[in-house]
Amino acid sequence: MLRGGLFLAALACLAAPADSRIVAAAYEGPTARYPHGVLGDAIEHETLVVTLADGRRLSVTHPPPLVFEDTAPRLADLDGDGAPEVIVVEAHERRGARLAVWGLRAGRLEQRAASPFIGTRFRWLAPAGAGDLDGDGFAEIAWVDRPHLAKTLRVWRYLPEGPRLEPVADLAGVTNHRIGETDIAGGLRDCGAGPEIVLADAGWGRLLAVRLAAGRLTARDIGPHAGRPGFAAALACAGP
């Protein structure tokens, strides 16, 4: 997913009022006050802006110590009401990154749930996909925790009660980003046998398809890493 792009994962659900649905999201308010530079420059963003189906725009701005340290917001219907939530990466100047979910409540944009911060400044995470990954009727969110260091895939379930995120499973030895890249590699695919997360192995030698089942993540080799074209082919199911 390119910086500035979006991805969308929808669940079968009850309809929400059409004019109040979020149809797009973007970051605004560039800032250099968190100079991590993991995405190729020292600029992150202070403001999340969403556009509703009726054309209205709503926004929220983080004061210090928070920024949005991300390629782009992602839309996904996590609670099954027919209207997407917004998945973002936020970073704290002392505690590093966390994954957060934003949505609408009573016409206002608010944070619905978030993972813990990684805990150390200049530590990041890279989203990998969102949807019902194991067929249990609940949406999960997948991300690679510290894709340059820990290289660990984490899957957390979004529970509408609360709402809240709860951990489901981890898998070490994978990655989806290298320092300085402006995009995040891989993502979610379904080639007819259920959703899989496409990632690289920790050494960037092989591509992997990772599946969640019975609370466990398992990876299978789907071929050599061949740059972004290889990821694109894998996501299009043009391979194993």
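About the criteria used
Residues numbered from 1 in each chain as written. Predicted model: local features only at pLDDT ≥ 70, side-chain atom pairs only at ≥ 80, totals over all residues. Heavy atoms only, no water. Disulfide = S-S within 2.5 Å. Helix = DSSP H or I, 4+ residues; strand = E, 2+ residues; numbered from the N terminus. Buried < 20%, exposed > 50% of the residue type's maximum accessible area, 1.4 Å probe, protein only. Pairing = 2+ DSSP bridges. Axes fitted to C-alpha atoms, helices over the stretch in contact; angles between N-to-C directions.

For the protein, the name recorded in an unreviewed UniProt entry is VCBS repeat-containing protein, with Rhodosalinus halophilus as its organism.

Trainee: What am I meant to see in the state of the cysteines here?
Mentor: What is meant by a disulfide is a covalent connection between two cysteines, made through their sulfur atoms. In this structure the tally under the stated criterion is one disulfide. Disulfide pairing places Cys-191 opposite Cys-237 at an S-S distance of 2.1 Å. Residues Cys-191 and Cys-237 are joined through a disulfide that is left-handed, its torsion about the S-S bond being -95 degrees. Of this pair, Cys-191 sits in the loop between strand E15 (187-190) and strand E16 (195-201) while Cys-237 is found in the segment after helix H1 (227-235), placing the two residues 46 residues apart along the sequence. Among the residues examined, Cys-237 registers a relative accessible area of 30% and is labelled partly exposed.

Trainee: So what exactly am I meant to see when it comes to the sheet that holds strand E11 (residues 140-145) here?
Mentor: One key point about sheets: their strands pair by backbone hydrogen bonds, in either a parallel or an antiparallel sense. With respect to topology, four strands assemble into an open sheet ordered E10-E11-E12-E13, the strand pairing being antiparallel. Where the open sheet ends on each side, the last strands, each with one partner, are strand E10 (125-131) and strand E13 (164-172). Across the sheet, the axes of successive neighbouring strands diverge by a mean angle of 25 degrees, strand direction being ignored. As paired elements, E10 and E11 share six bridges and run antiparallel to each other. Each bridged residue has a counterpart across the sheet, and for Pro-127 the counterpart in E11 is Trp-143.

Trainee: Quick question: what am I supposed to make of the environment of Ala-26 here?
Mentor: Tracing the backbone through its elements, the reader meets Ala-26 in strand E2 (residues 22-31). Between the C-alpha atoms of Ala-26 and Thr-71, which are 45 residues apart in sequence, the distance is 9.6 Å.

Trainee: Before we go on, may I ask you to explain the pairing of E15 in this structure?
Mentor: On a regular strand, one side chain projects to one face of the sheet and the next to the other, so that they alternate. Sheet topology places E15 next to E16; four bridges connect them, and they run antiparallel. By the bridge assignment for E16, Arg-189 is matched with Glu-196. Once E15 ends, the chain turns through four residues before running back antiparallel as E16, passing Gly-192 with a positive phi of about 110 degrees.

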